[in-house]
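If you want the building blocks of each chain, they are given just below.
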Amino acid sequence: MTKEEIRNRIEQLKREKGAVILAHYYTTKEVQEIADFLGDSLALSVKARDIEAPIILFAGVNFMAETAKVLSPNKKVLIPVPEAGCSLAESCEAEALARLKAQYPDHKVVSYVNTSVGVKALTDVCCTSTNALKVVESIPREQPIIFAPDRNLGSYIQRVTGRDNMVIWDGACLVHEEFSLEGILRLKTEHPEAKVVVHPECKAELVAVADYVGSTAGILDYCKESDAETFIVVTESGILVEMEKRLPSKRFIPAPTIGSEGGCNECHYMKMVTLENLRDCLRDETPEVVIDEATRAAAERSIKNMIANISGMICDGAKPGCALKVTSGVATAIFSAYLAMQHSFADSTEGIVEDDIDRTIHNLTRIGHDGMQVTDDLILDIMTHKQ
């Protein structure tokens, strides 16, 4: 079959089965183009939960499809290449984390979303690259923490918070480990007007030269809002597809890797997803993600604890008359997200006044006001929209 015939067959299968395809930003261009929704891992899992579809085909690596199943236990979640792993997730096996927990029984475990369902089940609070700092800051400073599995993200948080009671797992994403500081500085010399955007899974010396540090979706938002026209992109090159699609007038330069002159550092696991295996997976409805209920429920708890910790920074529980603990920056971010969701993901919050922010925060942090009920799902929607 030609590529066009395969695409047509996939569309036919989607219609017949009521299926939806979710694709991560790091997959190939042709996979992104056939997807119904693009995003980073947690945002896509939330989308899987909210979509009215019996079948979710997750074009990404295995931990992402597992997370989607954790949040959507009653849906059939398919993964075209179950052997497509993640070097970061694979650096922390559940059995090894269990042994570390036994060594430090008084420590709370904060684990990155880029982990297996088994690790999430052993985790107290899950986090993303966007909210990891907020999650750690929401935990009492005297409470010791195990942070897994990304040593670069964990070390970054430790430097920012000044916490000396963190045990950091020694894991890393091999893609983000390979970027060259020398190469980035050379590009910056050649393009002094360029902004350097860096994923927090990168090494500390790369984070130090960044104009912006954030998740894939955060990087996209920053490039959109920035007045700059040129960006040096220090993350997996698949994101360039969406960058160039959304912002065709801007220039994106992929950062080089160690020992290379050019850019385009790719995750070979993500590139294992093809049109052919998407077609076959949807046709046969296999491989399917299957998780035993005890593990799934424990993993879901760690994600819900993330939601509770972040919402706890806003309000001491979603109760009428609760005392707000909101900085203007946090308030503005939440209000912007709320407006975006309420107005078809509007791009602008121009004209917002402080009274509007206060009123919206009040609405978001109490039950029963104007018929709005604050739920874990609502808070998770707000969090993932801002990633």
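Residues numbered from 1 in each chain as written. Predicted model: local features only at pLDDT ≥ 70, side-chain atom pairs only at ≥ 80, totals over all residues. Heavy atoms only, no water.

**A word on the overall build of the protein chain**
Our working definition: Elements are defined by DSSP. Helices are runs of H or I of four residues or more, strands are runs of E of two residues or more, and each kind is numbered from the N terminus. Using a 1.4 Å probe on the protein chains alone, a residue whose accessible area is under 20% of its type maximum counts as buried, one over 50% counts as exposed, and one in between counts as partly exposed. Residues are treated as being in contact if the distance between any of their heavy atoms lies within 4.5 Å. Per-residue and other accessible areas were derived by the Shrake-Rupley procedure at a 1.4 Å probe size, with only the shown protein chains allowed to occlude residues.
Within the protein chain, the regular secondary structure consists of 19 helices and 12 strands. In the protein chain, buried positions account for 53% of the 387 residues. Counting contacts in the protein chain only where the partners sit at least 6 residues apart, residues at least 24 apart contribute 62% of the total. Within the structure as shown, the protein chain displays about 16800 Å² of accessible surface, and the carbon and sulfur contribution to it stands at 50%.

**Description of the pattern of salt bridges**
Once their charged atoms are close, side chains differing in charge can pair, the charge on each being opposite to the other. Selection rule: For this analysis, a salt bridge means a side-chain nitrogen from Lys or Arg found within 4 Å of a carboxyl oxygen belonging to Asp or Glu.
Counted according to the given criterion, the structure contains 18 salt bridges. Salt bridges sharing common partners tie together Arg279, Asp280, Arg283 and Asp284.

**Observations concerning the packing of helix H1 (residues 3-17) against helix H15 (residues 275-284)**
We count it as follows: Interaxial angles span 0 to 180 degrees and are taken between N-to-C directions of axes, which are lines fitted to C-alpha atoms, for helices over the stretch in contact. For classification, angles of less than 35 degrees are called roughly parallel, those exceeding 145 degrees roughly antiparallel, those between 65 and 115 degrees roughly perpendicular, and all remaining angles oblique. Crossings are classed by handedness, with left-handed meaning an anticlockwise turn of the near helix from the far one by less than a right angle and right-handed meaning a clockwise turn. Under the scheme applied, nonpolar residues are Ala, Val, Leu, Ile, Met, Phe, Trp, Tyr, Cys and Pro; charged residues are Asp, Glu, Lys and Arg; polar residues are all the others, including Gly.
H15 packs onto H1 with a crossing angle of 30° between their chain directions and a minimal axis gap of 9 Å. By the angle class used here, H1 and H15 are roughly parallel. For H1 against H15, the interelement crossing comes out left-handed. Facing Lys3, Ile6, Arg7, Arg9, Ile10, Leu13, Lys14 and Lys17 of H1, the residues of H15 in contact are Leu275, Glu276, Leu278, Arg279, Leu282 and Arg283. Grouping the amino acids of the contact of H1 with H15 by side-chain chemistry returns 6 nonpolar, no polar and 8 charged.

**Here's the deal with the sheet that holds strand E9 (residues 195-198)**
Basically, it comes down to this: At least two bridges found by DSSP between two strands are what make those strands a pair.
Taken together, 4 strands build an open sheet; the order of strands is E10-E9-E11-E12 and the sheet is parallel. Each edge of the sheet is formed by a strand with only one pairing partner; in this case those strands are strand E10 (212-213) and strand E12 (251-254). Across 4 bridges, strand E11 (residues 230-234) lies against E12 in parallel orientation. Each bridged residue has a counterpart across the sheet, and for valine 233 the counterpart in E12 is proline 254. Packing of helix H14 (residues 239-246) onto the sheet brings it into contact with E11 and E12, and relative to E12 it is tilted by some 170°.

**Describing helix H4 (residues 62-71)**
Burial of H4 is extensive: 9 of the 10 residues sit out of reach of the surface. Taken together, the buried positions of H4 are Phe63, Met64, Ala65, Glu66, Thr67, Ala68, Lys69, Val70 and Leu71.

**Considerations on the packing of aromatic side chains**
So the rule is basically this: Two rings from Phe, Tyr or Trp (for Trp, the six-membered ring) form a pair when their centres are within 6.5 Å of each other. A pair whose planes differ by under 30 degrees is stacked, one over 60 is edge-to-face, and the rest are tilted.
Per the stated rule, a full pass over the model turns up 3 aromatic pairs. Arranged with centres 6.4 Å apart and planes meeting at 80°, the rings of tyrosine 222 and phenylalanine 231 form a pair that is edge-to-face. For phenylalanine 231, a relative accessible area of 0% puts it in the buried group. Each ring, one from phenylalanine 231 and one from phenylalanine 252, has its centre 5.6 Å from the other, and the planes form 20°; the classification is stacked. Placement of phenylalanine 231 in strand E11 and of phenylalanine 252 in strand E12 is noted, with a sequence separation of 21 residues between them. One aromatic cluster is present, formed by Tyr212, Tyr222, Phe231 and Phe252 through successive ring pairs.

**Observations concerning the confidence of the model for the protein chain**
Defined as follows: Every residue carries a pLDDT, the predictor's confidence in it, which falls somewhere between 0 and 100.
Taken residue by residue, the protein chain gives an average pLDDT of 82. The fraction at 70 or more is 78%. Of the regions scoring below 50 in pLDDT, residues 312-374 engages in 81 contacts with residues more than four places distant in sequence or in other chains.

**Thoughts on the packing of helix H3 (residues 41-50) against H4**
Between H3 and H4, whose axes approach to 8 Å, the crossing angle comes to 35°. Seen from above, H3 lies across H4 with right-handed handedness. Facing H3, whose interface residues are Ser41, Leu42, Ser45, Val46, Ala48 and Arg49, H4 presents Phe63, Met64, Thr67, Ala68 and Leu71. Taken together, the residues of the contact of H3 with H4 sort by class into 7 nonpolar, 3 polar and 1 charged.

**Some remarks on the sheet that holds strand E7 (residues 145-148)**
Spatial strand order, E6-E5-E7-E8: 4 strands in an open sheet with parallel pairing. Each of the sheet's edge strands pairs with one partner strand only, and the pair in question is strand E6 (125-127) and strand E8 (166-168). Neighbouring strand axes in the sheet, compared pairwise and without regard to direction, differ in orientation by 25° on average. Its contacts with the sheet place helix H9 (residues 151-161) against strand E5 (108-112), E7 and E8, and it is angled at close to 160° to E8.

**Some words on helix H6 (residues 94-103)**
Just so we agree on the cut-off: Directions are taken from the helix axis to each C-beta atom, and the arc is the one they span.
Of the residues making up H6, those classed as buried are Ala94, Ala96, Leu97 and Leu100. Along the axis of H6, the buried residues cluster in a sector spanning 160°; they form a single face. The exposed set on the far side of H6, more than 90 degrees from its buried face, consists of Glu95, Arg99 and Ala102. Buried residues along H6 sit against E5, helix H7 (117-121), E7 and E8.

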